[in-house]
Structures are given as C-alpha cells and as structure tokens.
Amino acid sequence: MPTTPVPRGAYSYYVIVLCLLLKLSVSSSFQIGPLLSTCVDACDRGCTEIRKVQAARETNDDNLLKVELKDAQDPRSALTEADEAAHRAIVGSLREAWGDELRIVGEEDDDEDLANTLAEMTFEPPLDRDLFVDEIGETADIDASKITIFVDPLDGTREFVEGRLENCQVLVGIAIDGESVAGAVGIPFLDGTMDNESTVIYGIDGMGTGVKGATLTRGPYPLDKHIDGVKYPRPHHATGDSTAEVMDACRQRTIKRFGGSTVIYGGAGNKILAAALGEVSCSIQHKVGGPNSFFRILFLTKCMT
C-alpha cells in the first residue's frame, strides 16, 4: 500500500509538540517539610540583609538610608534599601531553589528595576531543605499549582525608618489552595538592638511551632512599658497610632466590649504576634491590604495559638 512521504522538518515539529504536551501533563510537586525548611532559611537570610543595612546606618549616622514613599501622604508606605535587599535574598533564593513553577507573591513585585536585578543574581549556598527531616519526615506530595508563597520582606518599614526596630519583622508564608498552612516570621532585632542575633519563628497548622536562632523572650505577659496596671488596665489590645475615625471607633468598641485598654504596637505582623504570644488579647489593625497582610493574620492565628 503506497504511503505519503512526511514533509522535511515535520518530524521535528511533531517532536516539539509532543514535548510540550508532556510538559503540560507532568506537574511538579513539593513536600511541605522541605518547602517550609527553605522558607525558614530564606526568612533568616532576609533578616541578615536588614541587619546589614542597620549596621551601616549606625556606622554612618543614618546617612546611607534611602527612603522612598510609595504614597506621599502615608508614612506607612515607606520603601528602603532594607526592603529591597531582603526581597532579593528571600524571593531570589526561593526562586533558585524551586524554579518558576513555584508561585511567589512579594510585597515589592511591582518594582521593575528590582525584578530585573533579581533576574541576574545567583544565590549561594543553596537554601537548606533538611531542617525538618526528623520532625516532619515524608509527607504527601502537593501539586505546585496549588501552592503560593507570600513574602513581606520588611513588615514595619516605617518603624525601621524611625528606629523602632523591635517592631520589624520578615514574613514568609505558605498557602495551599488559598488556605494558610505554614510559614516563618523573622525577627531581625530581638530586643530592638543589634546586640543579639535574629530569630525565626515557624509553624505548621495542626503540627505546632518552633524557633530557629536566638531564644524568643517575649510573652505571655505585657511588655515592660505596658506593665503599669493603672495606666494600662488589662486586658490589653494592640493598636497603632492612626487617628482615623474608623480606628477610634474600633478602639472604643473593643474596650466597651472587653474592657481593659489599648497599647501601641508598630507593624501589622508585630501586633498579631503580640496576640499569639499572649501579650495582648487582640490586635486592632490599621488596615488589611492585599494577600500578604491577609495571610499573616491567618498564619499567626492558626499556627501560633
């Protein structure tokens, strides 16, 4: 039976199409243990970058700190070289460890110059995947398409600019199918100074929490500056210094409902950490802006209480 000859070049075309189809049909998968391990390591590296910037500030009397306001009317929108350095360290190392199939949502993703710089960088040594081999071990594989990593490289940038370092945090969280399941909270300035090393608190929903680095000394009692029971009757409710009417109404309603008093905390993540550690009974947020803010609320309350 006669056959029609295949045109020259057609075989190559068919091979390319077949490879593309195979790539689409085979999806990468990750295990939660190694993934969390790299997030903790990346979070720690973010803390290191922030501490480097602070060390330079202290050496040069703040002359090296460059500050840009994303919103000229809002000091909370400050962006510094510390944000950018921590973003590069965290997002870049995670991307290098897991490839482009891992979805990462970063606080500074809109910065094109930062993205271009990140694309040209390499990160050594590789992130540690084995921090939890003994604690977690083998778990079910999770399809990469279901995973999102949320990164806030420096939560509390305004506080960092103002020198209120105890309020600063690095936040890296893991969500699966839109639900927060695990993450890491880095504290670059454990007591508000450079005297002690940074620490990273991590947790998995349903499995518990742990600490990598210096021992966390906070909680479950009020901070020393809030210990005066007459000036700050308990229970305490963490809030910021916003004078917006809606915030005043929230504070008044909280005290009317639960009693006690409000105490000032800087940084959204820091307020929630205070609630998780038992320093305050609740956290009154200035706003919840986007997936990063929403995630940190879910992660801290689910994994650390």
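Preceding this section is the structure that the text describes.
Residues numbered from 1 in each chain as written. Predicted model: local features only at pLDDT ≥ 70, side-chain atom pairs only at ≥ 80, totals over all residues. Heavy atoms only, no water.

1. Quick look at the environment of G156
Mapped onto the fold, G156 is located in the loop between β6 (147-155) and α5 (157-162). Among the residues examined, G156 registers a relative accessible area of 10% and is labelled buried. Residues G156 and V170 lie 14 residues apart in sequence; the distance between their C-alpha atoms is 8.9 Å. If we ignore the near neighbours within four places in the chain, the residues touching G156 are C168 and G267. (Helix = DSSP H or I, 4+ residues; strand = E, 2+ residues; numbered from the N terminus. Buried < 20%, exposed > 50% of the residue type's maximum accessible area, 1.4 Å probe, protein only. Contact = heavy atoms within 4.5 Å.)

2. Some remarks on the nonpolar core
Counting residues in hydrophobic clusters, the biggest one holds 42 residues, and the most contacted among them are L94, I147, I149, F160 and I174. Those elements giving two or more residues to this core turn out to be α2 (32-59), α3 (81-98), β6, β7 (169-176), β8 (179-187) and β9 (199-204). Looking at this core element by element, the count peaks at 10 residues for α2. Not counting the four nearest positions on each side in its chain, I147 is found in contact with F30, L35, L102, R103, I142, I174, A175 and I176. (Core = buried A, V, L, I, M, F, W, Y, C linked by side-chain atoms within 4.5 Å.)

3. Brief notes about unusual backbone geometry
Excluding glycine, a negative phi dihedral is what most residues carry, and trans is how most peptide bonds are arranged. Omega for the bond connecting G219 with P220 falls within 30 degrees of zero, at 0 degrees, which places this linkage in the cis form. Topologically, P220 is positioned in the loop between β10 (208-213) and β11 (236-239). Looking along the chain, the bond that leaves R234 and enters P235 is cis, with omega of 0 degrees. The topology assignment puts P235 in the loop between β10 and β11.

4. Focus: the pattern of salt bridges
A pair can form between side chains of opposite charge whenever their charged atoms are brought close. Under the definition given, this model contains 10 salt bridges. E159 is the salt-bridge partner of R164, the closest N and O atoms lying 3.6 Å from each other. Measuring nitrogen to oxygen at the nearest pair gives 2.8 Å for the salt bridge that ties R251 to D248. Of this pair, R251 and D248 both sit in helix α6 (residues 245-258), three residues apart, which is roughly one turn of the helix. On the basis of relative accessibility, which here comes to 11%, the residue R251 falls in the buried class. Put simply, R158, E159, E162, R164 and D241 are held in one network by salt bridges that share partners. (Salt bridge = Lys/Arg side-chain N within 4 Å of Asp/Glu carboxyl O.)

5. Some remarks on α3
In this model, α3 (18 residues) spans 26 Å end to end at C-alpha, consistent with the 26 Å of a helix rising 1.5 Å per residue. What α3 keeps buried is the set A82, D83, A85, A86, H87, A89, I90, V91, G92, S93, L94 and W98. Its side-chain oxygen placed 3.1 Å from the backbone nitrogen of A82, T80 serves as the N-cap of α3. Just beyond α3, the residue with positive phi is G99, at close to 85 degrees. (Expected span 1.5 Å × (residues − 1). Polar contact = N/O pair within 3.5 Å; in protein donor to acceptor, adjacent residues only side chain to side chain.)

6. Some points on the packing of α2 against α3
Packing of α2 against α3 leaves a shortest axis separation of 8 Å and a crossing angle of 155 degrees. The angle between α2 and α3 falls in the class roughly antiparallel. The crossing of α2 and α3 is right-handed. Contact residues: P34, L35, T38, C39, A42, R45, G46, E49, I50 and V53 in α2; E81, A82, A85, A86, A89, I90, S93, L94 and W98 in α3. (Axes fitted to C-alpha atoms, helices over the stretch in contact; angles between N-to-C directions. Parallel < 35°, antiparallel > 145°, perpendicular 65-115°, else oblique. Left-handed = near helix turned anticlockwise from the far one by under 90°.)

7. Examining the sheet that holds β7
What the six strands build is an open sheet, ordered β4-β6-β7-β8-β9-β10; its pairing is mixed. Sheet topology places β4 (103-106) and β10 at the edges, where each strand pairs with a single neighbour. Neighbouring strand axes in the sheet, compared pairwise and without regard to direction, differ in orientation by 15 degrees on average. Where β4 and β6 come together, four bridges link them in parallel fashion. If you follow V105 over to β6, its bridge partner there is F150. Together, β6, β7, β8, β9 and β10 form the strand contacts of α2, whose direction differs from that of β8 by roughly 30 degrees. (Pairing = 2+ DSSP bridges.)

8. A word on the pairing of strand β12 (residues 261-264)
Only one face of β12 is buried, namely the one carrying S261 and V263, since none of T262 and I264 on the opposite face is buried. Here four bridges tie β11 to β12, and the two strands are oriented parallel to one another. Residue pairing for β12: T239 is matched across the bridge by I264. As a crossover connection, the stretch from β11 through α6 into β12 is right-handed. (Right-handed = clockwise from strand over helix to strand, strands pointing away.)

9. Quick word on the packing of aromatic side chains
What characterises a pair of aromatic rings is the spacing of the ring centres plus the angle enclosed by the ring planes. Using the criterion set out here, one finds three aromatic pairs in the structure. Taking the centre distance of 4.8 Å and the plane angle of 70 degrees together, the rings of F30 and W98 count as edge-to-face. Residue F30 is located in strand β1 (residues 29-30), and its partner W98 is located in helix α3; the two are separated by 68 residues in the primary sequence. Their ring planes at 20 degrees and their centres at 6.4 Å tell us that F160 and F189 sit as a pair that is stacked. You can see F160 sitting in helix α5 and its partner F189 sitting in the loop between β8 and β9, a full 29 residues away along the chain. We classify F160 as buried; its relative accessible area is 0%. Above the plane of the ring of W98 lies R129, whose end atom (NZ or CZ) is 4.0 Å from the centre. (Phe/Tyr/Trp six-rings, centres within 6.5 Å; stacked < 30°, edge-to-face > 60°. Lys NZ or Arg CZ within 6 Å of the ring centre and 35° of its normal.)

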